[in-house]
Amino acid sequence: MSTVRFHQELKVFQRSFEMAMQIYELSKSFPKEELYSLTDQIRRSSRSVSANISEAWGKRKYQRSFIAKLTDSEGEARETQTWLQFALACEYINDEQFGKLNNEYNQIIGMLVTMIGQSEKWCSFSSLNKEDDNLYHD
């Protein structure tokens, strides 16, 4: 069994990072008048999901801090979903794009909720192995 050493090994980090990059590319086509509002907001919130996972990993020695940062990450994922709804309502993205991204964020949120619910396992440095959980990249 190999122990997880870095946050980049977490499947939830990898997926959230990939979604932030997809949103970045997609938001390049948003109108210029949205640059300092919707475009900026959706980019910031989508990037914050991964950033908060990174911070949580670094703070896992303290279970409450770990949970707090994962909760922040969950909140940022939900905020991103809201900005996606605005992008759909403004017709900057289509139904298919919205559905795919929204579903991905639902899955990321589910993974974060699972981690929060199993925080004692994640904060135990001696027992966390890749084979123990499906939150890792295959």
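A. Layout of helix α1 (residues 11-27). Over its 17 residues, α1 extends 24 Å from the first C-alpha to the last, a length consistent with the 24 Å expected when each residue adds 1.5 Å. Restricting attention to buried positions, one finds in α1 the residues V12, F13, R15, S16, M19, A20, I23, L26 and S27. Down the axis of α1, the buried side of the element spans an arc of 165 degrees, and every buried residue falls inside it. On its buried face, α1 is in contact with α2 (35-58), α3 (63-89) and α4 (95-117).

B. Layout of the pattern of salt bridges. Counted under the stated rule, the structure contains six salt bridges. We note a salt bridge from K28 to E25, for which the minimum N-O separation is 3.3 Å. A single salt-bridge network, built from bridges that share partners, covers E55, K69 and D72.

C. Quick look at the environment of Q63. Mapped onto the fold, Q63 is located in helix α3. Looking at Q63, the relative accessible area reads 34%, which means it is partly exposed. For the pair Q63 and C123, spaced 60 residues apart in sequence, the C-alpha to C-alpha distance is 6.0 Å. Every residue in contact with Q63, bar those within four places of it in the chain, is listed here: S119, E120 and C123.

D. Looking closely at the packing of aromatic side chains. Applying the stated criterion across every chain, the model contains four aromatic pairs. Note on W83 and F86: the rings are 5.6 Å apart at their centroids and 40 degrees apart in plane angle, and the pair reads as tilted. Of this pair, W83 and F86 both sit in helix α3, separated by three residues, roughly a single helical turn. The positively charged end of R60 is found above the aromatic ring belonging to W57, 3.9 Å away from the centroid.

What counts and what doesn't
- Residues numbered from 1 in each chain as written.
- Predicted model: local features only at pLDDT ≥ 70, side-chain atom pairs only at ≥ 80, totals over all residues.
- Heavy atoms only, no water.
- Helix = DSSP H or I, 4+ residues; strand = E, 2+ residues; numbered from the N terminus.
- Expected span 1.5 Å × (residues − 1).
- Buried < 20%, exposed > 50% of the residue type's maximum accessible area, 1.4 Å probe, protein only.
- Arc of directions from axis to C-beta.
- Contact = heavy atoms within 4.5 Å.
- Salt bridge = Lys/Arg side-chain N within 4 Å of Asp/Glu carboxyl O.
- Phe/Tyr/Trp six-rings, centres within 6.5 Å; stacked < 30°, edge-to-face > 60°.
- Lys NZ or Arg CZ within 6 Å of the ring centre and 35° of its normal.

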